[in-house]
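Structural overview
Here's the letter readout for the chains.
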Amino acid sequence: MQILVLNSGSSSLKHQLFALSDGELTKLDRGSIECIGEGNAQVHCHADALALVFEQLERASECDPRELVGIGHRVVHGGDLFDHPVLIDDRVIRGIREAIPLAPLHNPPALAGIDAARTLRPDLPQVAVFDTAFHQTLPSHALRYALPAWCYEKYGIRRYGMHGISHAFVSRRAAELLDRQPADVNVITFHLGNGASAAAIAGGRCVETSMGMTPLEGLVMGTRCGDLDPSVPMFLYREAGMTVAEVDRLLSHDSGLKGLCGSNDLRAILQRAKRGHSDAELALQIYCHRLKKYLGAYFAILGRVDAVVFTAGVGENSPEIRRSACDGLDLIGIRLDEERNLAVRRGQASDVSANGSPVRVFVIPTDEEAEIARRSLEVMGLDSTEHPPRKKPSL
Ligand code: ADP
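Now for a quick tour of the structure. (Residues numbered from 1 in each chain as written. Predicted model: local features only at pLDDT ≥ 70, side-chain atom pairs only at ≥ 80, totals over all residues. Heavy atoms only, no water.)

Topic: the overall build of the protein
Looking only at helices and strands, the protein features 15 helices and twelve strands. Its C-alpha atoms give the protein a radius of gyration of 21 Å, near enough to 21 Å, the size a compact globule of 395 residues would have. Projected onto the principal axes, the alpha-carbon positions of the protein cover approximately 60 × 55 × 45 Å. Residues counted as buried form 52% of the 395 residues belonging to the protein. (Helix = DSSP H or I, 4+ residues; strand = E, 2+ residues; numbered from the N terminus. Rg over C-alpha atoms; globule rule 2.2 N^0.38 Å. Buried < 20%, exposed > 50% of the residue type's maximum accessible area, 1.4 Å probe, protein only.)

Written out as structure tokens, the structure reads:
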């Protein structure tokens with residue numbers, strides 16, 4: 001059987017087709033249609049884009065439309081309505097629509113993708129897999145801000161967390177690498193891409209995460225500032241005469257690494273720092289200082305930590321960032337092995353901790369599409385294996 005995973009962005013549609021056989025997922029066709037509805041684009045909307053994807057799939061020899069059993073959709077924000085993936089019906093669509101104010105850039109295109117898929121293939125079950133769902137286990141003391149109750153009760157102002165699909169996937173892989181059940185391990189995961197977040201996971205349940213009501217809170221990111229004194233926006237309105245929209249743009253698009261040194265591409269920043277550019281050096285120091293701050297805080301919250309996991313573009317590919325984040329943490333049991341740290345091969349899970357390090361440090365490639373495929377098949381009752389078949393952990 002085959003399952004299609006769709007990730008609908010504001011002007012893009014990404015797809016990945018999987019085959020499931022004997023509990024193993026195999027990747028088949030994947031692709032991305034960009035610039036939907038932009039300027040003189042030929043693809044005007046998500047429905048056109050999806051029709052193109054199906055044409056493409058029919059031409060690809062490995063795809064068999066009769067084998068397709070369903071479609072899994074990535075949905076960024078499920079508000080507090082969804083704590084697990086769900087079969088899409090009109091009620092679910094209403095729920096995703098209700099969460100639009102919390103993710104105004106992400107939920108509308110997800111709805112466009114879902115609508116296109118339901119129209120084009122009404123015969124197939126469709127599943128919504130939410131980025132926020134994994135964090136719905138946050139206890140009240142972690143999800144509430146120290147604001148009057150009406151902010152939460154009337155407006156839903158609380159911490160939701162994002163990147164949950166990735167944190168769930170890599171934390172489960174970490175348990176496999178430790179050869180233990182997820183319920184028996186405590187893990188700190190760092191998803192470091194353009195957006196970046198950390199999660200503290202106790203026995204498979206997320207108990208703390210760095211993103212908040214929106215993806216702006218927490219770590220330093222490519223273009224987002226992360227944690228900030230909440231008075232700064234008011235100061236900018238008053239003293240710099242900026243508008244709400246201008247401050248919004250500054251904090252989300254012109255801050256983070258880009259704001260500090262002009263680039264959000266960590267590779268370029270590392271090279272500029274090597275050549276002695278002080279703004280790039282400072283940007284890296286601020287980025288890694290924030291990582292370490294969260295690492296320490298999540299240690300305090302979890303009490304016992306079995307593994308720290310680095311994933312996504314920066315986490316998987318930058319030995320320098322992993323080294324700086326873990327530097328000087330021997331006392332809390334984190335010891336990196338520099339040779340292993342430098343020898344990580346792209347796309348492979350690696351243990352980069354020193355022999356005898358009480359806390360293992362793993363680099364685990366994330367695979368959000370595979371996670372969406374597996375969760376969708378589970379919801380459809382077509383995959384009863386909670387986890388991929390357990391092989392001897394390979395590093
Ligand atoms: P997105 O959130 O857009 O999916 P990615 O997970 O692809 O982001 O991560 C993008 C980030 O990863 C960029 O800052 C990029 O510079 C960084 N990156 C990719 N490859 C490397 C590398 N080899 N070394 C350091 N950083 C890298």
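Further notes follow.
Re helix 2 (residues 90–98)
Among all positions in helix 2, only V92, I93, G95 and I96 are buried. On an axial view of helix 2, the arc spanned by its buried residues comes to 160°, and they lie on one face. For helix 2, the exposed residues lying more than 90 degrees away from the buried face are R91 and E98. Tucked inside the fold, the buried residues of helix 2 contact strand 4 (68–75), strand 5 (86–87), helix 3 (107–120) and strand 6 (126–130). One side-chain oxygen at the N-terminal end of helix 2 lies 3.1 Å from the backbone nitrogen of R91; it belongs to D89. (Arc of directions from axis to C-beta. Contact = heavy atoms within 4.5 Å. Polar contact = N/O pair within 3.5 Å; in protein donor to acceptor, adjacent residues only side chain to side chain.)

Looking at helix 10 (residues 266–274)
Along helix 10, the residues that are buried comprise L266, I269, L270 and A273. Along the long axis of helix 10, the arc covered by the buried residues comes to 100°, so they all point the same way. Exposed side of helix 10, more than 90 degrees from the buried face: R267 and K274 are the residues found there. In this structure, the buried residues of helix 10 make contact with helix 9 (256–261), helix 11 (278–302), helix 12 (312–317) and helix 13 (319–326). For helix 10, the capping residue at the N-terminal end is D265, with a side-chain oxygen 3.0 Å from the backbone nitrogen of R267. A positive backbone phi angle near 90° is found at G276, which sits one or two residues after helix 10.

Regarding the sheet that holds strand 2 (residues 13–21)
By definition, the strands of a sheet pair up through backbone hydrogen bonds, in either a parallel or an antiparallel sense. The strand order 3-2-1-4-6-5 describes an open sheet built from six strands, whose pairing is mixed. The sheet terminates laterally at strand 3 (24–33) and strand 5, the two strands that pair on one side only. By the bridge criterion, five bridges tie strand 4 to strand 6 in an arrangement that is parallel. Across the sheet, R74 pairs through a bridge with V129, a residue of strand 6. (Pairing = 2+ DSSP bridges.)

A closer look at the packing of aromatic side chains
Enumeration over the complete set of coordinates arrives at four aromatic pairs. Ring geometry for F82 against F130: centres 4.5 Å apart, planes inclined by 5°, an arrangement best described as stacked. With F82 in the loop between strand 4 and strand 5 and F130 in strand 6, this residue pair connects regions lying 48 residues apart in the sequence. Taken as a pair, F82 and F130 share a single burial class, namely buried. Relative to Y298, the ring of Y294 lies with its centre 5.6 Å away and its plane at 85°, an arrangement referred to as edge-to-face. Taken together, the residues Y294 and Y298, both in helix 11 and four residues apart, mark about one turn of the helix. (Phe/Tyr/Trp six-rings, centres within 6.5 Å; stacked < 30°, edge-to-face > 60°.)

A short note on the site of the ligand
Neighbouring the ligand are the residues G193, N194, G195, N264, D265, L266, R267, A312, G313, V314, N317 and S318. Measuring from an oxygen atom of the ligand, one finds a backbone N or O atom of N264 at 3.3 Å. Note that an oxygen atom of the ligand is positioned 2.9 Å from one of the backbone N or O atoms of L266. Relative to its unbound accessible surface of 580 Å², the ligand loses 68% to contact with the protein. (Near = heavy atom within 4 Å. Areas by Shrake-Rupley, 256 points an atom, 1.4 Å probe, with all protein chains shown as cover.)

Quick look at the side chain of R159
Its location among the elements puts R159 in the loop between helix 5 (149–155) and helix 6 (164–177). Polar contacts involving the side chain of R159 include one to the side chain of E208, which spans 2.9 Å. A distance of 2.4 Å separates a polar side-chain atom of R159 from the backbone oxygen of T209.

Quick notes on the pairing of strand 12 (residues 360–363)
Side chains R360 and F362 of strand 12 all project onto a buried face; the interleaved residues V361 and V363 project onto the opposite face, where all are buried too. Across four bridges, strand 10 (residues 307–311) lies against strand 12 in parallel orientation. Within the sheet, the bridge partner assigned to F310 lies in strand 12 and is V363. Relative to strand 12, strand 11 (residues 350–351) runs antiparallel, the two being bridged by two bridges. Within strand 12, the position partnered with S350 by the bridge is V363.

Here's the deal with a nonpolar patch on the surface
There is a patch of nonpolar side chains on the surface, built from M234, Y237 and V244 and spanning about 280 Å² of accessible area. Among the secondary structure elements, V244 is positioned in helix 8 (residues 244–253). Residue V244 is classed as exposed on the basis of its relative accessible area of 58%. (Patch = residues over 30% accessible without salt bridge, like charges linked within 9 Å, V, L, I, M, F, W, Y side chains within 5 Å. Salt bridge = Lys/Arg side-chain N within 4 Å of Asp/Glu carboxyl O.)

Details of the packing of helix 6 against helix 15 (residues 368–379)
Relative to each other, helix 6 and helix 15 sit at 90°, their axes nearing to 9 Å. The orientation of helix 6 relative to helix 15 falls into the category roughly perpendicular. Where helix 6 abuts helix 15, its residues I165, S166, A168, F169 and R172 lie against E368, E371, I372 and R375. (Axes fitted to C-alpha atoms, helices over the stretch in contact; angles between N-to-C directions. Parallel < 35°, antiparallel > 145°, perpendicular 65-115°, else oblique.)

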